[in-house]
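One-letter residues, chain by chain:
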Amino acid sequence: WINLHNLLISISLYFSRTFIYSAITRGRPTPLYIVILAVIFCSYNGFLQGHCMVYAATYPQNWYTDIRFISGVVIFILGMAINIHSDHILRQLRKPSELAYKIPQGGMFNYVSGANYFGEIVEWFGYAIATWSLPGFAFALFTLCSIGPRAYHHHK
């Protein structure tokens with residue numbers, strides 16, 4: 001049951017990012033090669049996360065009350081809220097026909113330049129803590145290493 005629960009969380013995240021976010025975002029079109037690389041990466045990562053949750057991970061019966069699971073879920077929800085709110089702020093910056101960059105204000109943007117990236121990083125570290133799995137931590141680290149420089153670039 002616990003492994004199924006963690007697997008459903010992963011699937012819901014990918015569904016939200018793939019279908020919901022892409023349908024409501026505004027801005028420049030994404031080059032096809034980036035879309036293809038994202039599909040390859042997400043497929044491979046989704047396979048690793050799912051395989052770990054279904055076939056490799058074992059948790060004790062009281063895992064739901066373990067501090068790692070509870071704190072991971074809380075961190076995950078906090079990161080997801082930051083991510084969703086930051087994406088909302090970014091979508092509201094431009095009118096449908098505008099493409100120019102504008103500096104976002106409000107929410108976590110008052111504290112960090114790349115609040116959406118920060119939320120995503122926090123989200124995946126929460127997932128890694130909640131699942132206490134090597135693929136979860138590897139993905140969180142990869143997210144930090146790939147999104148972190150983008151956030152730094154946006155800050156400059």
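Look above for the structure.
The rules behind these values
Residues numbered from 1 in each chain as written. Predicted model: local features only at pLDDT ≥ 70, side-chain atom pairs only at ≥ 80, totals over all residues. Heavy atoms only, no water. Helix = DSSP H or I, 4+ residues; strand = E, 2+ residues; numbered from the N terminus. Buried < 20%, exposed > 50% of the residue type's maximum accessible area, 1.4 Å probe, protein only. Contact = heavy atoms within 4.5 Å. Phe/Tyr/Trp six-rings, centres within 6.5 Å; stacked < 30°, edge-to-face > 60°.

A. Region of the structure containing the overall build of the chain. Regarding its fold elements, the chain presents five helices and zero strands. Along the chain, helices and strands appear, N-terminal first, in the series α-α-α-α-α. By the burial criterion, 33% of the 156 residues in the chain qualify as buried. At a minimum sequence separation of 6, the contacts of the chain that also span at least 24 residues come to 75%.

B. Representation of unusual backbone geometry. Within the chain, Trp132 stands out as a residue other than glycine whose phi angle is a positive 50 degrees. On the basis of relative accessible area, Trp132 is assigned to the partly exposed category, the value being 46%.

C. Expanded view of the packing of aromatic side chains. Applying the stated criterion across every chain, the model contains eight aromatic pairs. One aromatic cluster is present, formed by Phe41, Trp124, Tyr127, Phe139 and Phe142 through successive ring pairs.

D. Geometry of the side chain of Asn116. Looking at the element boundaries, Asn116 is found in helix α4 (residues 115-131). Under the relative-accessibility criterion, Asn116 is labelled buried at 13%. In contact with Asn116, not counting residues within four places along its chain, are Asn83, Ser86, Asp87, Leu90 and Phe109.

E. Representation of the environment of Leu141 in the model. For Leu141, the location among the structural elements is in helix α5 (residues 134-155). By relative accessible area, Leu141 is classed as partly exposed at 47%. Remark: the alpha-carbon pair of Leu141 and Ala128, spanning 13 residues in sequence, is separated by 9.5 Å.

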